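Structural overview
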Amino acid sequence: MEEEYNKSITITDKEFIKWCSTFDIIIFKIHHVITWEEWDDGIEVYIFVKTNSELRKIENRKSHIESQYKKFLEANNYPFNKFPNVNFDFDSDENAVNHYEENYFYRLR
């Protein structure tokens, strides 16, 4: 299961970042949180842009961005049967630097 998940996520992220760039959305980082616990049926996808200004620019496009990411997951054999709940969180690297001691671990918690 982990291998299938990791392969799907890796390919999806590459395709998604390329897709975003065609719409002038520059993704700085993507992080994923998954517990691998039997009771947990989802993942959290954290999408980071570089600045707060860039984050404001995509505010009205978040649902479209989420939808497209899920389409890439589906196309890349993501195990929706095991992890059907895909949740998103958007933020900026600027926010992580200024409010979380430049530490993404603190930000993701």
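Up top you'll find the structure we're talking about.
These remarks concern the structure in this document.

The rules behind each value
Residues numbered from 1 in each chain as written. Predicted model: local features only at pLDDT ≥ 70, side-chain atom pairs only at ≥ 80, totals over all residues. Heavy atoms only, no water. Buried < 20%, exposed > 50% of the residue type's maximum accessible area, 1.4 Å probe, protein only. Helix = DSSP H or I, 4+ residues; strand = E, 2+ residues; numbered from the N terminus. Pairing = 2+ DSSP bridges. Salt bridge = Lys/Arg side-chain N within 4 Å of Asp/Glu carboxyl O.

Quick look at the pairing of strand β2 (residues 42–49)
Most of β2 is tucked away, with 7 of its 8 residues classed as buried. Sheet topology places strand β1 (residues 29–33) next to β2; 5 bridges connect them, and they run antiparallel. Paired with H32 across the bridge in β2 is V45. Looking at chain direction, β2 and strand β3 (residues 85–92) are connected through 8 bridges and run parallel. Across the sheet, Y46 pairs through a bridge with D89, a residue of β3.

Remarks on the pattern of salt bridges
Under the counting rule described, the total for this entry stands at 3 salt bridges. The salt bridge partner of K82 is E38, with a shortest N-O separation of 3.4 Å. Note that K82 is positioned in the loop between α3 (62–75) and β3 and E38 in the loop between β1 and β2, a separation of 44 residues in sequence. On the basis of relative accessibility, which here comes to 69%, the residue E38 falls in the exposed class.

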